[in-house]
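# Observations on the three-dimensional arrangement
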Amino acid sequence: MSASPYLPTAELANWRKFKSHAITGVLVVCALAVIAPLFFVIYFLLARGASSIDWNFFTQLPKPTGEVGGGMANAIVGTVTLLAMAAVVGVPIGIFGGIYLAEYGSDRANGWIRFAADVLNGVPSIVWGMVIYLVLVVPFKTYSAYAGGVALGLMMVPLVMRTTEEVLILVPQSYREAALALGVARWKVIMVIVVRTALKGIATGVIVAMARIAGETAPLLFTALGNNFWNTNLKEPISALPLQIYAYAISPYDDWHRQAWAGALVLMALILALNITVRVLSRDRQRTH
Amino acid sequence: MSTASTTHVVPAPGSRSPDIAFKWVAAFAAAMIVILIVFVGLELYWGSRLAIAKFGVGFLWSTEWDPVQEKFGALPFIFGTLLSSLLALLIAVPLGVATALFLTELAPLRIRQPIVMAIEMLAAVPSVIFGLWGIFVLIPWLRDHLFVWLKHWLGFLPLFKGPIYGTSMLAAGIIVAIMILPIITSISREILRSVPNLQREAAYALGATRWEVLRIAVLSYARRGLFGAAVLGLGRALGETMAVTMVIGNRPEIAASLFAPGYTLASVVANEFAEATTDIYFNSLFELGLVLLVVAILVNAAAQVMLKSMTGSGPIKVV
């Protein structure tokens with residue numbers, strides 16, 4: 001452009017307008033490119049997974065290597081078991097930690113704990129698997145459901161803690177003051193008044209954390225390990241959907257690939273169900289407050 | 001709200017011990033966060049002590065990885081982790097920031113919500129499902145179309161030379177980019193929303209076009225925070241395990257070509273942990289984990305500090 005920057009010409013104005021419109025177009029294309037992979041993934045999950053889901057998939061055990069048929073019944077039950085164990089480990093620590101951050105502690109110390117929680121949130125999931133391997137697999141000389149549950153549970157802690165703190169802070173100060181003025185002990189004020197008021201928000205945080213760990217594979221590789229049988233003994237290896245999907249995806253058998261897609265579809269449906277629950281819960285919360 | 005009857009919450013006069021016990025339980029739970037970070041670091045150090053004693057710091061730049069000869073070096077994996085993460089950032093940061101700009105500055109409310117929801121759903125897709133999709137959908141397409149096209153037009157660059165297998169550094173970069181896009185987009189959106197409207201109004205008042213407003217008033221104001229978002233994305237990219245393991249080709253080589261297979265710190269652990277037969281092999285894998293942990297913690301801490309200084313209201317919670 002030859003125009004002087006001090007004397008806007010019609011030509012320059014047109015060029016500037018054109019550039020602005022062009023970049024608006026670029027931004028739209030970028031936004032579409034970002035959400036496109038979601039639709040591709042969902043499309044292929046449905047296209048390849050749905051046709052492979054049948055009754056056997058939910059009721060049968062995996063067949064031996066190379067044989068056609070079988071299902072992932074044990075992996076589905078295993079995933080649910082591991083999630084429950086993770087919740088037992090991670091939820092109490094997370095909620096009590098959140099209570100401390102919201103109700104006690106100095107601003108400065110709490111600032112550090114928040115910072116640490118956000119950093120801990122960024123610890124790669126495979127690292128959790130390695131650490132729990134050393135702590136719970138090596139000493140007991142066996143891979144176990146316990147080890148897998150603890151690995152997933154510890155991963156939940158930072159997230160549950162931060163969301164619990166956030167919803168507890170939203171509880172009006174006057175609730176606490178009113179209860180304290182009646183002579184109620186502080187711990188009862190917290191548990192009976194504050195936590196109960198914020199219960200829905202806390203539950204939301206817990207489910208968000210569960211949805212995040214439900215698909216984790218790396219921390220289970222050397223803790224829960226996976227197996228092809230029914231397992232009711234938590235001291236022994238247990239299967240999980242992500243483990244089974246991984247094992248089948250990298251196998252050379254077409255029938256296992258088919259089942260990997262089916263497993264992925266079921267896992268995705270489970271995670272979506274958890275996310276929808278979160279949405280319903282938080283919609284209610286917005287309405288009542 | 002809560003209609004708890006007062007009869008059962010009246011305290012026994014003078015009894016403060018349950019109160020103190022409760023506070024300590026809560027304090028312990030909060031302290032667990034710090035304990036866990038220290039514990040994870042110490043355990044990994046303990047697990048890798050033999051390798052640290054045997055190889056010293058040379059472990060970090062030795063390129064040999066030969067379990068049979070018991071020679072172990074981390075460089076191919078550090079290289080693979082950094083390069084795949086860098087590729088992911090090169091793709092994800094421009095796309096993520098552009099999408100955040102679109103969502104905060106341009107999109108009508110009606111279409112904003114569905115796009116935000118789609119991005120949240122993308123974040124919920126597990127790594128192993130991206131890996132499955134990568135193996136059976138993305139890799140074949142890259143191998144038969146994009147890579148061929150890149151080689152045809154840009155093949156004179158060393159980056160795009162060599163045979164095309166499909167599984168490659170570039171495939172890993174692309175899949176990690178998809179996986180970190182949600183976090184980069186959502187943090188960027190937070191940052192852009194914190195830009196005062198006064199900035200925009202002032203620029204419009206001077207006669208700026210929409211793009212000039214975004215560039216002069218919004219982007220330059222938010223620069224530091226957007227950088228923080230990118231660093232946070234880097235922290236995520238470094239630790240990505242399953243999807244990367246499934247598409248990168250798992251070969252401990254340092255190659256100039258992006259079409260060549262590679263290996264990362266996280267994926268070598270995932271792959272070889274179960275087959276590590278000797279103590280020194282095992283310890284070397286733990287040392288790789290330790291390297292990964294240290295880098296991930298530093299990167300995440302840096303991102304938190306940057307984002308905190310941008311928003312001034314404590315670290316942004318990352319879901």
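Going along each chain's sequence as written, the residues are numbered from 1 onward. In the order they appear in the text, chains get letters beginning with A and ligands get numbers beginning with 1. With pLDDT at 70 or above as the cut-off, local features in this predicted model cover only qualifying residues; side-chain atom pairs require 80 or more to be listed or tallied, and sums for whole chains, interfaces and linings still use all residues.

## Here's the deal with the overall build of chain A
- Counting from the N terminus, the helices are DSSP H or I runs at least four residues long and the strands are E runs at least two residues long. Tallying secondary structure elements over chain A gives 11 helices and zero strands in all.
- Of the regular secondary structure in chain A, the N- to C-terminal order runs α-α-α-α-α-α-α-α-α-α-α.
- Between the two quantities, the radius of gyration covers C-alpha atoms and the globule rule is 2.2 Å times the number of residues to the power 0.38. On C-alpha atoms alone, chain A measures out to a radius of gyration of 25 Å, which is more than a quarter above the 19 Å that the 2.2 N^0.38 rule sets for 289 residues.
- In terms of its C-alpha atoms, chain A occupies a principal-axis envelope of roughly 80 × 65 × 35 Å.
- Looking at chain A as a whole, 51% of its 289 residues qualify as buried. Exposure criterion: with C-beta atoms placed from backbone coordinates, a residue whose C-beta has 20 or more other C-beta atoms within 10 Å is buried, one with 12 or fewer is exposed, and one in between is partly exposed.

## Description of helix α1 (residues 10–49) of chain A
All names here are of chain A.
- Counted at 1.5 Å a residue, the expected span for α1 with its 40 residues is 58 Å, and the 58 Å between its end C-alpha atoms agrees.
- Bend at a given residue is defined as the angle between two axes, one fitted to the seven residues that end at that position and one fitted to the seven that begin there. The sharpest bend along α1 reaches about 30° and sits at Ile35, with the proline Pro37 one to four residues further on.
- Along α1, the residues that are buried comprise Leu27, Ala31, Val34, Ile35, Pro37, Leu38, Val41, Leu45, Arg48 and Gly49. One less than the residue count of a helix, multiplied by 1.5 Å, gives the span that helix is expected to have.

## Topic: the interface of chain B and chain A
- At the junction of the two partners, chain B supplies 79 residues and chain A supplies 85 residues.
- Broken down by element, the residue count for the side of chain B that touches chain A peaks at 18 residues, all from helix α1 (residues 17–47) of chain B.
- Broken down by class, the residue content of the side of chain B that touches chain A amounts to 58 nonpolar, 16 polar and five charged. Working definition of a contact: two residues with C-beta atoms, positioned from the backbone, lying within 7 Å. Put simply, Ala, Val, Leu, Ile, Met, Phe, Trp, Tyr, Cys and Pro go in the nonpolar bin, Asp, Glu, Lys and Arg in the charged bin, and everything else, Gly too, in the polar bin.

## Details of the confidence of the model for chain B
- Mean pLDDT over chain B works out to 90, with 92% of the residues at or above the 70 mark.
- Both scores are given for the predicted complex: the pTM is 0.91, the ipTM 0.92. For every residue, the predictor reports its confidence as pLDDT, a number between 0 and 100.

## Notes on the domain arrangement of chain A
All names here are of chain A.
- Under the domain assignment used here, chain A contains domain 1 (10–52) and domain 2 (56–288).
- One C-alpha centre belongs to domain 1, the other to domain 2; they are set 34 Å apart.
- Residue-level contacts link six residues of domain 1 with eight residues of domain 2.
- The residue makeup of the side of domain 1 that touches domain 2, split by class, is three nonpolar, two polar and one charged. In this entry, domain limits derive from an automatic or database-based domain assignment.

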